[in-house]
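Structural description and commentary
Chain by chain, the residues run as shown.
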Amino acid sequence: MVSSLPPLAVELCDILHNPVFPAQLASAIQGSPNDKVLYLRIEASLTTDARSTSGNEKLQLGCINLRNGTLVPAQSLTPECTPDPGENEGEVEAGSDSTFHFTRDDHDPRPCKRHKTVSGLRLPHSSSSQTSKPHVSQHNQAIDGSAPDNPSKSIRQVHSDTRFPQRAKPGQGLEPPVLEPTSSDKLISGIWRQVYSSVQMSRDFSNVKPTINIRSGASLELFKSVNALCLQYYNRSQSSRALEMIVQAFWVECFEARTAVLRYEKPILSKTEARMIAVREACIVLNWKEKDLRNRMAIWRGYKEIKDYGGWAALVFASAGVYRFCKYRNEFGEGLFSRLRHIRSSLEIAADTLHPGWRDLLQVIQQDTPAVYTGHPHEWVTSPEGLGISLASTYEYLNLPGGFQYEFIDDCVLDEKVFGRDDPRRVPELDEEICPVCHEKQSDDTRGNQCLCFPALFGGIRSPAPVQIFRTTNGKNNGVVARCPFDRGTAIGEFTGLITNGITGVDVMIGGSKERPYQIYQGAMGNFTRFINHSCRPNSQFQRFYWRGKERIIVVSRGVAAGSEITVDYSEGYWRSLEKRCLCGEGCCRFKDKAGGGGQGR
């Protein structure tokens, strides 16, 4: 029924940011008589409080005929289509001071099911009979309300009455501006995309050839061989391009050094004369015309400046647009140089941990530099001081026995002491082969999977999430920053940790049902979602999703820009149980004046 609502009603829901209304309206229509036409009457009222449900005299806007989707203007309304409120009229809250009314004069017999997505991070009630496990106080994660089975419990719960943030439909709303290839934003975005891609940088190009006769037919093995060959040459071309830029940036350094030597040997030479002599010396070997070399020198100088301010990693992982950027030099200046300096250590952290062999390319100019950062990408924290620091060092103030210990995992680990081998996330009534959201086939094999709800996490090619842990400057300790944009409705990551039960006194994500509850505990293992901070104006949210018959808790974007901190709303229940104030800094902050010291932080 939701899909058959008139476009006008759907547009009103989009304008008022109320995706729940279609399901509410469909549910209300289901109980109405089926022998009359239904109209959706729209009214508005003036009020001094946006949260108020009452106002002054209501203003009549018009009606929508739910049978044919046509609009009935207010001035043409008749008593038949504008009845007084009564037993045949219902009301659905629209999320603002406008109210949608519907008149029950007709009924669509098609059934409608209202979907409600709820996931929770709760602080279980402390019990003297239970022993709390060692833990580190987690970031702000979760929120609203109290436990349904025991309202007296103090809980931290993420509760969302909306569906997943819906992706924008083509042609609706304002399209984002397209950045030109020569902009500094495009340059930096391209560098980050390349760092988080699967490209392999190497100086070894030996034996790049097919392993079988690729002219023998069109079998699966042949196609795999051609794909492997394509990948090898792609990696080779990317490495060759990086090597070329490294040598050309180094050439500029040597050219400047040669110019200085010429002026030292012949003090009577001006700087321009010394440069011209060096250019002629180079042209003899390069067999180029002086004009050609001078044109290239401007581009090569751009490579050197990117390297000087952003480090070798910025140049090696620069995208294809860097050539044009350096050729036209539209945005070269202190603004670009300051941005490159700011992300220099962050780029090195990502490059060293995701592409350990990239520094081998520097051997072409006889520069052997060992990796500065090793291990998992999120074992390092970017800091305002410009250097990466270890994650463990940011928790030294906790004075934990043995220091801060944390294991990064991609998938949840089942606590077999509690559940054995019976995963409590499995929902018996769900078909493991069918997605309950899009109703397409789900498969861990990317060739057979047809569910594209969240391909970055399930059923598609998985790549490292383009996020980093960073040191905040407002007292929240660590946070998570997006290095690439996340469109609205896309998955950022899955909330992973130890699947267990019975933990008390620490933050845990509550999942399952009353009959089959479980907890996801991130005290000793998990992923970057452990470090996502709270905001009263969040750009993402926790949601449930069912993959292959199992419940998963994922972080879904509401629209996260590159360079922004990823945040969620921990909700009212989280803050009611704490004696500290919120440090999100938003103008709409609900908990900044709360009594008690301290603040949020991980």
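Notes on the structure in this doc start here. Just so it is clear, the model here is predicted, and its values are computed rather than measured.

Some details on the pairing of strand 15 (residues 508–512)
Most of strand 15 is tucked away: four of the five residues are buried. Strand direction decides the pairing type here: strand 15 and strand 16 (residues 517–521), joined by four bridges, are antiparallel. From the neighbouring strand, Ile-510 faces strand 16, where its bridge partner is Gln-519. Between strand 15 and the antiparallel strand that follows it, strand 16, lie four residues.

What about the packing of helix 3 (residues 184–195) against helix 8 (residues 334–354)?
Where helix 3 contacts helix 8, the two axes come as close as 10 Å, and the packing angle between them is 10 degrees. As summarised for this structure, helix 3 and helix 8 are arranged roughly parallel, according to the angle between their axes. Here helix 3 contributes Ser-184, Asp-185, Leu-187, Ile-188, Ile-191, Trp-192 and Val-195 to the contact with helix 8, which in turn contributes Leu-336, Arg-339, Leu-340, Ile-343, Ser-346, Leu-347, Ala-350, Ala-351 and Leu-354. The residue inventory of the contact of helix 3 with helix 8, partitioned by class, reads 12 nonpolar, two polar and two charged.

Brief notes about the packing of aromatic side chains
Centre-to-centre distance and the angle between the planes together describe a pair of aromatic rings. Applying the stated criterion to the full structure yields 18 aromatic pairs. One aromatic cluster in this structure is built from Tyr-395, Tyr-397, Phe-404, Tyr-406, Phe-408 and Phe-531. Positioned over the ring face of Trp-288 is Arg-296, at 4.3 Å from the centre of the ring. Sitting over the ring of Phe-332, Arg-329 keeps its end group 4.3 Å from the ring centre.

Considerations on the pattern of salt bridges
Inspection of the entire model under this criterion finds 26 salt bridges. Glu-43 is the partner of Arg-41 in a salt bridge, and the nearest nitrogen-oxygen pair spans 2.7 Å. On the accessibility criterion, Arg-41 (5% relative accessible area) is buried. Among the charged side chains, a salt-bridge network with shared partners connects Glu-253, Lys-304, Lys-307 and Asp-308.

Some thoughts on the packing of helix 4 (residues 220–265) against helix 5 (residues 271–286)
Where helix 4 meets helix 5, the axes come as close as 9 Å, and the angle between the chain directions of the two elements is 125 degrees. Of the possible angle classes, the one that applies to helix 4 and helix 5 is oblique. The interaxial crossing formed by helix 4 with helix 5 has right-handed handedness. Contacts from Trp-251, Phe-255, Arg-258, Thr-259, Leu-262 and Arg-263 in helix 4 reach Lys-271, Ala-274, Arg-275, Ile-277, Ala-278, Val-279, Glu-281 and Ala-282 in helix 5. Tallied by class, residues from the contact of helix 4 with helix 5 come to eight nonpolar, one polar and five charged.

A look at the sheet that holds strand 12 (residues 478–482)
In spatial order, the strands read 8-7-11-12; together these four strands make up an open sheet with mixed pairing. This sheet does not close on itself; its edge strands, each paired only once, are strand 8 (388–390) and strand 12. For this sheet the average axis-to-axis angle between neighbouring strands, irrespective of direction, equals 50 degrees. In this structure, strand 7 (residues 380–382) lies alongside strand 11 (residues 467–471), joined through two bridges in parallel fashion. By the bridge assignment for strand 11, Thr-382 is matched with Phe-470.

So, the nonpolar core
Core analysis: the largest hydrophobic core is formed by 50 residues, its most contacted members being Tyr-303 and Trp-358. Residue assignment for this core shows that the elements contributing at least two residues are helix 3, helix 4, helix 5, helix 6 (290–316), helix 7 (322–328) and helix 8. Per element, the largest residue contribution to this core is 11 residues, and it comes from helix 6. Apart from residues no more than four positions distant in its own chain, Tyr-303 is found in contact with Arg-241, Met-245, Gln-248, Ala-249, Leu-315, Val-322, Tyr-323 and Cys-326. Among the nonpolar cores identified, the runner-up in size contains 37 residues, and Val-381, Ala-482, Val-555 and Val-568 belong to it.

Some points on the layout of surface pockets
One number sums up the size of the second largest pocket: a volume of about 720 Å³. In this structure, the second largest pocket is lined by 30 residues; those nearest its centre are Leu-457, Ser-463, Pro-464, Ala-465 and Ile-492. With four residues, the single largest contributor to the lining of the second largest pocket is strand 13 (residues 491–494). Split into classes, the residues belonging to the lining of the second largest pocket amount to 19 nonpolar, six polar and five charged.

Looking at helix 5
Helix length check: helix 5, at 16 residues, gives a terminal C-alpha distance of 22 Å against a target of 22 Å (1.5 Å per residue), a fit within 8%. Residues of helix 5 that are buried: Ala-274, Ala-278, Val-279, Ala-282 and Cys-283. Looking at the buried residues of helix 5, the elements they touch are helix 4 and helix 6. Backbone geometry just after helix 5 places Asn-287 at a positive phi near 60 degrees.

About the thresholds
Residues numbered from 1 in each chain as written. Predicted model: local features only at pLDDT ≥ 70, side-chain atom pairs only at ≥ 80, totals over all residues. Heavy atoms only, no water. Buried < 20%, exposed > 50% of the residue type's maximum accessible area, 1.4 Å probe, protein only. Helix = DSSP H or I, 4+ residues; strand = E, 2+ residues; numbered from the N terminus. Pairing = 2+ DSSP bridges. Axes fitted to C-alpha atoms, helices over the stretch in contact; angles between N-to-C directions. Parallel < 35°, antiparallel > 145°, perpendicular 65-115°, else oblique. Contact = heavy atoms within 4.5 Å. Nonpolar A, V, L, I, M, F, W, Y, C, P; charged D, E, K, R; others polar. Phe/Tyr/Trp six-rings, centres within 6.5 Å; stacked < 30°, edge-to-face > 60°. Lys NZ or Arg CZ within 6 Å of the ring centre and 35° of its normal. Salt bridge = Lys/Arg side-chain N within 4 Å of Asp/Glu carboxyl O. Left-handed = near helix turned anticlockwise from the far one by under 90°. Core = buried A, V, L, I, M, F, W, Y, C linked by side-chain atoms within 4.5 Å. 1 Å grid on protein atoms, 1.4 Å probe; cavity = no way out; pocket = protein on both sides within 12 Å on 5 of 7 lines; lining within 4 Å. Points joined across faces, edges and corners; volume = space filled by probe spheres on them. Expected span 1.5 Å × (residues − 1).

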